[in-house]
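Observations on the three-dimensional arrangement
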Amino acid sequence: AAEPPGTHIVVAGDWNTASCSPFYRDVLAKIGLHVTEFPWWPAATRFSLRFGSIVALGMPIDHIAISSGIGFSAF
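Okay, so let's go over this structure.

Here is what the cut-offs are and how they apply
- Residues numbered from 1 in each chain as written.
- Predicted model: local features only at pLDDT ≥ 70, side-chain atom pairs only at ≥ 80, totals over all residues.
- Heavy atoms only, no water.
- Helix = DSSP H or I, 4+ residues; strand = E, 2+ residues; numbered from the N terminus.
- Buried < 20%, exposed > 50% of the residue type's maximum accessible area, 1.4 Å probe, protein only.
- Pairing = 2+ DSSP bridges.

The backbone phi angle of asparagine 16 is positive, close to 55°, even though this residue is not glycine. Within the secondary structure, asparagine 16 is located in the loop between β1 (10–14) and α1 (22–31). By relative accessible area, asparagine 16 is classed as exposed at 57%.

See the structure below:
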């Protein structure tokens, strides 16, 4: 939020929070970034091997967020 208006920003990494978290949504809204993941069923990036290879039981905690004016082609 401290960057000058029009600055292109990319924030990527292990956020340790799921995209369904209200804290995650609040941070994005406060700093004006947009997510690059598919909003209806984001891919799990952390899952337990206790359930075998069923990655649908995992949570998406690794995220990439971008500022307006930046496009992306794949996640």
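From this point, the narrative continues.
Here we have three strands laid out as an open sheet, ordered β1-β3-β2, and antiparallel in their pairing. Two strands close off the open sheet at either side, each with one partner strand: β1 and β2 (34–35). Inspection of the sheet shows β2 paired to strand β3 (residues 62–66) by two bridges, in the antiparallel sense. Bridge pairing links histidine 34 to isoleucine 66 in β3.

Strand direction decides the pairing type here: β1 and β3, joined by five bridges, are antiparallel. Directly across from glycine 13, in β3, lies its bridge partner histidine 63.

Function cannot be inferred from these measures alone, as they are strictly geometric.
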